[in-house]
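Observations on chain architecture
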Amino acid sequence: MRVAITGMGIISAIGNSVEENFDALVSGRKAITDIANIPTVHANVIKVGEIKKTNDELATELGLSADNNYSRTAMLGAIAAKQAVENAGISDINQYKTGLISATSVGGMDTTEKHYYDYFNDENLVKYIAAHDGGDVAQKIAETIGLKGFVTTISTACSSAANAIMLGARLINAGKLDRVVVGGTDALAKFTINGFKTLMILTDGYNTPFDDNRKGLNLGEAAAFLVLESDKVVKEQNKKVLAYVSGFGNANDAFHQTASSENGEGAFLAMEKAFKLANLKPSDIDYINMHGTATPNNDLSEGRAVIRIFGEENVPDFSSTKAFTGHTLAAAAAIEAVYSVLAMQNGVVYPNLNFETPMQEFHLIPQTEIKHKKIEHVLSNSFGFGGNCSTVIFSKN
Amino acid sequence: MDALKQELKEKIIAVLNLEDVSASDINNTDPLFGEGLGLDSIDALELIVLLDKDYGIKLTDPKEGKNIFQSIDTMADYITANRTK
Amino acid sequence: MKTYINGIGCVSAQQTFEGEFAATFATNENLNVLPIVAPPYKDYFSPIAARRMSKAVKNGIVASTIALDEAKLQMPGAIITGTGMGCIEDSDKFLKAIIDNKEEFLTPTSFIQSTHNTVAAQIALGLQCKAYNFTYVNAAVSFESALLDGKLQIEEGEANSVLIGGIEEMTDYTASLFKLAGFIKKDEEGTFPMLGSKTSGTVFGEGAAFFVLENQKSDSTYAEVKDVEINNEIAAEILQLKVFDFLAANNLTVADIDLLVTGINGDAHFSNYYEELTQKQFAGTPQVYYKHLSGEYNTASAFGLYVGANIIRSQQIPGILKSNDQSRPAYKNILLYNQYRGLDHSFTLISQA
């Protein structure tokens, strides 16, 4: 499996472009802050990875008319997808058989949650009813990049964008599409803030992945898209290849609705599948971008699964970048895909911020300082509710 | 204490949507989690909210719930000792 | 490898979960939101197990169980679902609680149950199935995306058997929003006939339809799935051309299509798309519709596939489904076409196995 990545676009709390995100990562500049855009009673007990732009600012950036019904999720997705298409040097999006595979968990809920009762009293709000579902987000993104063709959306909680990348790669590999824009987007919303609060897995401070005293995650918002293109298009258009999707796997933990199994079975199976498809060995991996949400449950489960695959003494350099951006839910695997590609392009392992005390259950110490070395292969994990475990392997060549 | 235990059984059935279970089916010493009623960690979170809403007890660490929710008896003891409502 | 439908389970506004196909199908033109005919849930799971289950999860489990039983399959090689709106009952509940209680005393159950992949996850949990598990959430092509992915799994040898399904649920709150937005026909209209309707909006429903896809024929085979194509936008003027291209890619012409199954839903604003096919080159082709029986919802096209697959297997078209009076001596190739409010067009081609 070798599917070429020819373009990337991203907007997150740590930057509004690929360059800005990379700059923040190598400068150790996290963006976990107090929430500004959403009024919530929890404002002083949580910190979030918020994009410091209002919806009006995003709409202006996209040149939307005053009567638009774009949700914040849709706007973030549109901005990132537009960047990716530009970065890939695409001038005519419909020239080849092109698809869009988006991913979201919030959909337009960031907007519709504001008007629950108000719809019946204000006819100007009725236009947002159609903006609620995942499909609307994808359609808005498709309209922004002018795509008419194969458009769909995956929603498997926090593994969504990895699954979008997977489907895109499979469709290109099978010759069903010539190229595909894949990724994910999720905006912060009262719905998710409160939802995660009820699960008691939010930290009131800064998230500390793989730390023995970790208390939970910081939510974040972001969008990122990558352009995957077939060898035929890369050749015909003389495209510069940024990296390749070389392996992937999806498996189900089938243990519990939200918690991961003790021995990380789903994660283990996903990684195993990815290696098989990539025809690579664990020792080929130079860097693991962990799911690492800093919840007591995830880091233990993921740690165990990683040890099962690599062997406790042979786990390569690893870190979770969620200490920088927060957990961006359905966008997470997409922004982390961008970070994985950048890691290979620049030969950089990002630091796992906020780490102090190793976990007691095993010997796993994340990379805490930025490290410069040649990186040929990166493994990226993303695990979602419903036991949905996904792994993607990226390769330089 | 007996009145509280009866009240707890009825609330648990209502809050957790346990159709087909009546208060008389639940014994005071039966395990609520794992075996017995077979409740799980999501049900535990529901009971934590119940403690707060109906009895004014705020738990900050979900792991505390494990001991408190062992049985109707342990729940009633804990509530009696800590309730603010 | 070829893809065969070897098991189907359907829960809908008709009695579709057991008995002879279409035996009790009946139209009800007095309702603009059709309620489901509920299966005996207690036969499929205990009330305690069901304590958190929404309608979507309950119906999804019943439909998938029926499909797996029919195909005599214990463990599918993949589970893929499609749902346009997801578990809105729980989603609406959690949101209402947030607003009514000003973010206090909220409980996690409805939040957890509201995630779109809950149905697929619950099915996997029940079967202890650790295989590939995806959920598509893209309005009217949610189910076709699942079908496309399932077929790709089989073609590429990634799995020998795939369980796919389309699920949707309706709530009073969402129905009221849809009426406000004009998606559902106005109550004041009184009756809601679907064919030839002159008003905009449609009649909504809910349901779950699951299919077992396998790479081998069996004695429970309904049909072969030949091809699936989705397009977010197609201008009405070129719809026919797109269909011809789709058929040509499968070495077929209009004449080879023995039956056209349309997602006609009585919405006069968007009926022109259907008319581009039904009144032009396909005018001489037998045609059926189904949303007068199932109601409209993002994954109603799964009910359409259930109808098409049954017609191919039985080689009979129940009168209540017919939208014209053409007939053929045999029904070898069936084309299904659906779109919703002018977007998310899908072409599905199934053939006699």
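Only a predicted model underlies this, so the values are computations on that prediction, with no experimental measurement involved.

Some points on the overall build of chain C
Along the backbone of chain C there are 10 helices and 10 strands. Here the C-alpha radius of gyration of chain C, 19 Å, is about what a compact globule of 353 residues would show, namely 20 Å. The principal-axis extents of the C-alpha atoms in chain C amount to approximately 60 × 50 × 35 Å. Residue burial in chain C is summarised as follows: out of 353 residues, 61% are buried. Long-range pairs, those at least 24 residues apart, make up 81% of the contacts in chain C between residues at least 6 apart in sequence.

Brief notes about the interface of chain A and chain B
At the interface, five residues of chain A touch four residues of chain B. Across the side of chain A that touches chain B, the residue classes tally to three nonpolar, two polar and no charged.

Considerations on the environment of Gly157(C)
Residues and elements named next belong to chain C. Its location among the elements puts Gly 157 in the loop between α5 (142-155) and β4 (161-168). Residue classification places Gly 157 among the exposed positions, given that 9 C-beta atoms sit within 10 Å. Distance from Gly 157 to Met 1, taken between C-alpha atoms, is 7.2 Å for residues 156 residues apart in sequence.

Considering the packing of helix α7 (residues 190-198) of chain A against helix α2 (residues 88-100) of chain C
Look at α7(A) against α2(C): their axes get within 10 Å of each other, and the N-to-C directions meet at 90°. By the angle between their directions, the pair α7(A) and α2(C) is classed as roughly perpendicular. Along the contact surface, α7(A) presents Lys190(A), Phe191(A), Asn194(A) and Gly195(A), while α2(C) presents Phe94(C), Leu95(C) and Ile98(C). Looking at the contact of α7(A) with α2(C), its residues break down into four nonpolar, two polar and one charged.

Structural notes on the interface of chain A and chain C
Contacts between the two partners involve 50 residues from chain A, matched on the other side by 48 residues from chain C. Elements with a minimum of two residues in the side of chain A that touches chain C: α5 (134-145), β3 (150-154), α6 (160-173), α7, β6 (243-252) and α9 (265-278) of chain A. Among the residues making up the side of chain A that touches chain C, the classes are represented as 21 nonpolar, 23 polar and six charged.

Some points on the pairing of strand β9 (residues 333-340) of chain C
Residue and element names in this part refer to chain C. By the criterion of burial, β9 is predominantly enclosed, with eight of the eight residues buried. Residues Asn 333, Leu 335, Tyr 337 and Gln 339 line one face of β9 and the alternating positions Ile 334, Leu 336, Asn 338 and Tyr 340 line the opposite face, and both faces are buried. Where strand β7 (residues 259-262) meets β9, four bridges bridge the pair, whose relative direction is parallel. Of the residues in β9, the one forming a bridge with Leu 260 is Leu 335. Alignment of β9 against strand β10 (residues 343-351), held across seven bridges, turns out to be antiparallel. Pairing of Ile 334 across the sheet is with Ile 350, part of β10.

As for unusual backbone geometry
All names here are of chain A. Its identity as a non-glycine residue notwithstanding, Phe 210 has a phi of 65°, on the positive side. Here Phe 210 lies in the loop between α7 and β5 (222-229). In this structure, Ala 254 takes a positive phi of about 45° despite not being glycine. The residue Ala 254 is located in the loop between β6 and α9 in this model.

Details of the pairing of strand β3 (residues 132-136) of chain C
Buried residues dominate β3(C), accounting for five of its five residues. Burial along β3(C) is two-sided: Tyr132(C), Phe134(C) and Tyr136(C) and Asn133(C) and Thr135(C), pointing in opposite directions, are all buried.

With respect to the nonpolar core
All names here are of chain A. In this structure, Ile 165, Ala 224, Leu 226, Leu 228 and Val 338 are the most contacted members of the largest nonpolar core, which totals 274 residues. Residue contributions to this core peak at 11 residues, all from helix α12 (residues 332-346). Setting aside residues up to four positions removed in sequence, Val 338 forms contacts with Met 8, Ile 10, Val 18, Asn 21, Ala 224 and Leu 226.

Looking at the domain arrangement of chain C
All names here are of chain C. Annotation of chain C at the domain level lists domain 1 (3-214) and domain 2 (223-351). Computed over C-alpha atoms only, the centres of domain 1 and domain 2 are separated by 21 Å. Taken residue by residue, the interface counts 50 residues in domain 1 and 39 residues in domain 2. Breaking the side of domain 1 that touches domain 2 down by element, the ones donating at least two residues are β1 (3-11), α5, β4 and β5 (207-214). It is α5 that provides the largest number of residues to the side of domain 1 that touches domain 2, a total of seven residues. In terms of residue class, the side of domain 1 that touches domain 2 is built from 26 nonpolar, 19 polar and five charged.

Remarks on helix α10 (residues 296-310) of chain A
Residue and element names in this part refer to chain A. End to end, α10 covers 21 Å across 15 residues, agreeing with the expected 21 Å (1.5 Å per residue, within 8%). Where α10 is concerned, the buried positions are Asn 298, Asp 299, Leu 300, Ser 301, Glu 302, Gly 303, Arg 304, Ala 305, Val 306, Ile 307, Ile 309 and Phe 310. Two residues or fewer after α10 comes Gly 311, characterised by a positive phi angle close to 90°.

Here's the deal with the environment of Ala209(C)
Residues and elements named next belong to chain C. Residue placement: Ala 209 occurs in strand β5. Along the sequence, Ala 209 and Gln 122 sit 87 residues apart, while their C-alpha atoms lie 16 Å from each other. If sequence neighbours within four positions are ignored, Ala 209 has contacts with Cys 10, Ala 63, Gly 165, Gly 166, Ala 302, Phe 303 and Tyr 306.

Concerning the confidence of the model for chain C
Per-chain confidence: chain C averages 97 in pLDDT, with 100% of residues scoring 70 or above. For this predicted complex, the interface confidence score (ipTM) comes to 0.98, while the overall pTM stands at 0.97.

Considerations on helix α1 (residues 2-15) of chain B
Residues and elements named next belong to chain B. With 14 residues, α1 extends 20 Å from end C-alpha to end C-alpha; this agrees with the ideal 20 Å at 1.5 Å per step. Taken as a whole, α1 has its buried residues at Leu 8, Lys 9 and Ile 12. Each buried residue of α1 sits inside an arc of 100° when the element is viewed along its axis, so together they form one side. Exposed side chains of α1 directed beyond 90 degrees from the buried face belong to Ala 3 and Ala 14. Against the buried residues of α1 lie α4 (72-82).

Let's talk about the packing of helix α3 (residues 72-87) of chain A against α5(A)
All names here are of chain A. Between α3 and α5, the shortest axis-to-axis distance is 9 Å and the interhelical angle comes to 40°. Where α3 crosses over α5, the handedness of that crossing is right-handed. Of the residues in α5, those touching α3 at Thr 73, Ala 74, Gly 77, Ala 78, Ala 81, Lys 82 and Val 85 are Asp 136, Val 137, Lys 140, Ile 141, Thr 144 and Ile 145.

A closer look at the environment of Asp299(A)
Residue and element names in this part refer to chain A. With respect to the helices, strands and loops of the structure, Asp 299 is situated in helix α10. Its 26 C-beta neighbours within 10 Å are what place Asp 299 among the buried residues. With 39 residues separating them in the primary sequence, Asp 299 and Ser 260 have C-alpha atoms 9.7 Å apart. For Asp 299, the residues in contact, after removing those within four places along its chain, are Pro 209, Phe 210, Arg 214, Gly 292, Ala 294 and Met 359.

Rules used in this analysis
- Residues numbered from 1 in each chain as written.
- Chains lettered and ligands numbered in written order.
- Predicted model: local features only at pLDDT ≥ 70, side-chain atom pairs only at ≥ 80, totals over all residues.
- Helix = DSSP H or I, 4+ residues; strand = E, 2+ residues; numbered from the N terminus.
- Rg over C-alpha atoms; globule rule 2.2 N^0.38 Å.
- Buried ≥ 20, exposed ≤ 12 C-beta atoms within 10 Å, placed from the backbone.
- Contact = placed C-beta atoms within 7 Å.
- Nonpolar A, V, L, I, M, F, W, Y, C, P; charged D, E, K, R; others polar.
- Axes fitted to C-alpha atoms, helices over the stretch in contact; angles between N-to-C directions.
- Parallel < 35°, antiparallel > 145°, perpendicular 65-115°, else oblique.
- Pairing = 2+ DSSP bridges.
- Core = buried A, V, L, I, M, F, W, Y, C linked by C-beta atoms within 7 Å.
- Domains from an automatic or database assignment.
- Expected span 1.5 Å × (residues − 1).
- pLDDT = per-residue confidence, 0-100.
- Arc of directions from axis to C-beta.
- Left-handed = near helix turned anticlockwise from the far one by under 90°.

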